[in-house]
Amino acid sequence: MSIIPNFFGRRRTNVFDPFSLDVWDPFEGFPFNNNNFGSLSDQVRSSSETSSFVNANVDWRETNDAHVFKADVPGLKKEEVKVEVEDDRVLQISGERNKESEEKGDTWHRVERSSGKFVRRFRLPENAKVDQVKAAMENGVLTVTVPKVEVKKPEVKSIQISG
């Protein structure tokens with residue numbers, strides 16, 4: 001839990017996380033009327049159709065053998081989610097949930113489910129085998145497994161002391 005309150009509404013990832021590629025915008029949430037003051041986070045995002053779905057929750061766990069990412073993407077099919085490794089060390093998980101089509105005569109009483117695009121990026125450490133990434137999806141949870149390079153333990157040779 002953060003000891004710094006969030007006055008601007010949106011839950012953020014940890015800005016001190018060395019693996020996060022999120023761009024922190026100190027002016028995010030301020031109502032600038034002048035279009036010259038665009039939000040840095042707006043410049044990073046590729047679409048203006050963003051919503052709370054943009055922040056798909058992701059857990060990153062490191063085991064002895066691999067880095068395991070679990071992303072909550074409820075309601076999406078595996079065809080609607082992309083997992084890519086770019087720039088040799090950046091894992092990118094992206095996707096899009098489309099709005100439901102409005103049919104003539106329908107009356108909407110409440111719309112709470114979000115739609116739009118999401119992109120999450122993680123800088124992988126040097127010990128990641130980026131050429132052996134595997135992904136699976138089950139019950140709205142995407143699991144991405146990035147194996148780790150085996151660390152060879154140095155061979156210890158005992159030396160006899162004479163004298």
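Conventions and cut-offs
- Residues numbered from 1 in each chain as written.
- Predicted model: local features only at pLDDT ≥ 70, side-chain atom pairs only at ≥ 80, totals over all residues.
- Heavy atoms only, no water.
- Pairing = 2+ DSSP bridges.
- Helix = DSSP H or I, 4+ residues; strand = E, 2+ residues; numbered from the N terminus.
- Axes fitted to C-alpha atoms, helices over the stretch in contact; angles between N-to-C directions.
- Buried < 20%, exposed > 50% of the residue type's maximum accessible area, 1.4 Å probe, protein only.
- pLDDT = per-residue confidence, 0-100.
- Contact = heavy atoms within 4.5 Å.
- Phe/Tyr/Trp six-rings, centres within 6.5 Å; stacked < 30°, edge-to-face > 60°.

J.: Sorry, what's going on with the sheet that holds strand 2 (residues 66–72) here?
T.: Pairing between sheet strands relies on hydrogen bonds along the backbone, with the strands arranged either parallel or antiparallel. Across the sheet, which stays open at both edges, the four strands sit in the order 1-2-7-6 with antiparallel pairing between neighbours. Pairing within the sheet leaves two strands with one partner each, and these edge strands are strand 1 (58–62) and strand 6 (134–138). Between one strand axis and the next, the sheet turns by 15 degrees as a mean value, whatever way the strands run. As paired elements, strand 1 and strand 2 share five bridges and run antiparallel to each other. Looking at strand 2, one finds that glutamate 62 is bridged to histidine 67.

J.: Looking at this structure, how should I read unusual backbone geometry?
T.: For residues other than glycine, phi is negative in most cases, and the peptide bonds are mostly trans. Even without glycine at this site, aspartate 88 takes up a positive phi of about 70 degrees. Within the secondary structure layout, aspartate 88 lies in the loop between strand 3 (81–86) and strand 4 (90–97). With phi around 55 degrees, asparagine 139 is a residue other than glycine that occupies positive phi space. Positionally, asparagine 139 belongs in the loop between strand 6 and strand 7 (141–147). You can call asparagine 139 exposed: its relative accessible area is 75%.

J.: What am I meant to see in the confidence of the model for the protein here?
T.: In low-pLDDT regions, the fine details of the predicted coordinates are not to be read closely. In this model, the protein carries an average pLDDT of 77, and 66% of its residues clear a pLDDT of 70 or more. When the criterion is pLDDT under 50, residues 6–12 qualifies, and its contacts beyond four places in sequence or with other chains add up to 13 contacts. Contacts from residues 33–52, a stretch scored under 50 in pLDDT, to residues over four places away or in other chains number 21 contacts.

J.: Explain the sheet that holds strand 3 here, please?
T.: The strand order 3-4-5 describes an open sheet built from three strands, whose pairing is antiparallel. Both outer strands of the open sheet, strand 3 and strand 5 (116–123), are each paired with one neighbouring strand and no more. Geometrically, the sheet is characterised by an average inter-axis angle of 15 degrees between neighbouring strands, direction not taken into account. The pairing of strand 3 with strand 4 spans six bridges and is antiparallel. Residue glutamate 86 lies in a different strand from strand 4, and its bridge partner there is valine 90.

J.: When you look at the packing of aromatic side chains in this model, what are you seeing that I'm missing?
T.: Here the structure, examined in full by the defined rule, presents three aromatic pairs. Measuring from ring centre to ring centre gives 5.2 Å for phenylalanine 69 and phenylalanine 122, while their planes differ by 45 degrees; the resulting arrangement is tilted. Here phenylalanine 122 lies in strand 5 and phenylalanine 69 lies in strand 2, a separation of 53 residues in the sequence. A relative accessible area of 0% places phenylalanine 69 in the buried class. Each residue in the set Trp60, Phe69 and Phe122 is aromatic and connected to the rest through ring pairs, giving one cluster.

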